[in-house]
Amino acid sequence: MVTVGERPAVRVRHTPRPSSVQLKFVMAVSGALALLYLIAHMIGNLKIFLGAEAINTYAAWLRTVGEPALPMQTLLWIVRVVLVVAIVAHIVSATILARRARRARPIRYAHRQPVKGSYAARTMRWGGVIILLFIIYHLLDLTAGTLNPQFVEGDVHSNLVADFAPSHWYATVAYTVAVIAVGFHVRHGLWSGLQTLGRSSAAAQNTIKGVALVVAVLLTVGFLSVPFSILTGLVR
């Protein structure tokens, strides 16, 4: 019972911290950093078509750039740290947003109507898991060398040729699946990120989708051209 002069208690709803808008912004920025790394990494990989000396010289330059002012591999470690922070921020933000979305609709629909959306949008979560697992495999394979049958420190050309040889076909399969997942992830992520960063006008939608598709296709083709060229004997 509420007596005269008393005011009923009012429940104050606090905005979650960080807010969903802030988390989406973190996802957009961290995704942009990861995309820039992918583009640079793909360009470096394509040097294999210029010969063993070209790609090995490039790999050596990455380890020694900045010397003698900076210790060896300083640039590589800076890139690695920034990339790890970006990936962790991306995953954490996506996880929090997904949980908030589920809490906002705690009761599942008995009969859900089909929702219009792209394949990439519906599978971003599983694509992210595939990419994360592949990053771990890729580091153990071509960085640490523990999974590469003929790993030679500093000889990037030989390591790639050994890794994607016909006898090591499962590496090519894993690489292909992961790169395709990256392509779908980039296509949807770039479109979504540009919207988050304010490029979401109706007139710009078709342009944004077109740019996202072109970038995703170029990355996919660029990355896959290396293993399949080795697998078919074009690169030896």
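Treat the numbers as computed from the prediction; the structure is a model and nothing was measured.

About the thresholds
Starting afresh in each chain, residues are numbered from 1 along the sequence in its written order. The predicted nature of this model means local features are confined to residues of pLDDT at least 70 and side-chain atom pairs, given and counted, to a pLDDT of 80 or more, with totals for whole chains, interfaces and linings taken over all residues. Processing note: side-chain calculations cover all non-hydrogen atoms of the structure and skip hydrogens and water entirely. Only Phe, Tyr and Trp rings take part, Trp by its six-membered ring, and two of them pair if their centres are within 6.5 Å. Stacked means planes under 30 degrees apart, edge-to-face means over 60, and tilted covers everything else. Secondary structure elements follow DSSP: runs of H or I no shorter than four residues count as helices, runs of E no shorter than two count as strands, and numbering proceeds from the N terminus. A 1.4 Å probe rolled over the protein chains alone gives each residue an accessible area, and that area as a share of the maximum for its type sets the label: buried under 20%, exposed over 50%, partly exposed in between. Like charges within 9 Å and nonpolar side chains (Val, Leu, Ile, Met, Phe, Trp, Tyr) within 5 Å are joined into patches, using only residues over 30% in relative accessible area that form no salt bridge. Only the protein chains shown count as covering a residue, and every accessible area follows the Shrake-Rupley method with a 1.4 Å probe. A pairing counts as a salt bridge when a side-chain nitrogen of Lys or Arg comes within 4 Å of a carboxyl oxygen of Asp or Glu. Here a polar contact is taken to be a pair of N or O atoms separated by no more than 3.5 Å, where protein atoms must pair a possible hydrogen donor with a possible acceptor and residues adjacent in sequence count only if both atoms sit in side chains. Working rule for helices: expected span equals 1.5 Å times residues minus one. The term bend refers to the angle at a residue between two fitted axes, each drawn through seven residues, those ending there and those starting there.

Visitor: Lay out the packing of aromatic side chains in plain terms, naming residues and giving numbers.
Guide: A ring pair, where both rings are aromatic, is described by two values, the distance of the centres and the angle of the planes. Under the counting rule described, the total for this entry stands at five aromatic pairs. A ring pair is formed by tyrosine 58 and tryptophan 61, whose centres lie 6.3 Å apart and whose planes are at 25 degrees; its orientation type is stacked. With tyrosine 58 and tryptophan 61 both in helix 2 (residues 52-64), this residue pair falls three residues apart, about one helical turn. Using a relative accessible area of 24% as the deciding quantity, one classes tyrosine 58 as partly exposed. Assessed through its relative accessible area of 45%, tryptophan 61 is described here as partly exposed. Measuring from ring centre to ring centre gives 6.2 Å for phenylalanine 134 and tyrosine 137, while their planes differ by 40 degrees; the resulting arrangement is tilted. Here phenylalanine 134 and its partner tyrosine 137 are both found in helix 5 (residues 124-143), three residues apart, which amounts to about one turn of the helix. Phenylalanine 134 gets classed as buried once you look at its relative accessible area, which sits at 15%.

Visitor: Kindly report on a nonpolar patch on the surface, identifying the contributing residues and their values.
Guide: A cluster of nonpolar residues, Phe25, Val29, Leu33, Leu36, Ile39, Ile43, Ile78, Val82 and Leu197, forms a patch on the protein surface that exposes about 770 Å² of accessible area. Elements with a contribution of two residues or more to the nonpolar patch: helix 1 (20-45) and helix 3 (74-104). Looking at the nonpolar patch element by element, the count peaks at six residues for helix 1. With respect to the helices and strands, leucine 197 occurs in the loop between helix 7 (169-196) and helix 8 (205-231).

Visitor: Can you break down the side chain of threonine 74 residue by residue, with the values?
Guide: Looking at where threonine 74 falls in the secondary structure, it is placed in helix 3. A relative accessible area of 19% means that threonine 74 is categorised as buried. Separated by 2.5 Å, the side chain of threonine 74 and the backbone oxygen of proline 71 make a polar contact.

Visitor: How would you sum up helix 8? Please name residues and give values.
Guide: Its 27 residues place the ends of helix 8 39 Å apart at the C-alpha level, agreeing with the 39 Å of an ideal helix rising 1.5 Å per residue. Taking the largest bend as the criterion, helix 8 deviates by roughly 35 degrees, centred on serine 225, and proline proline 227 comes between one and four positions later.

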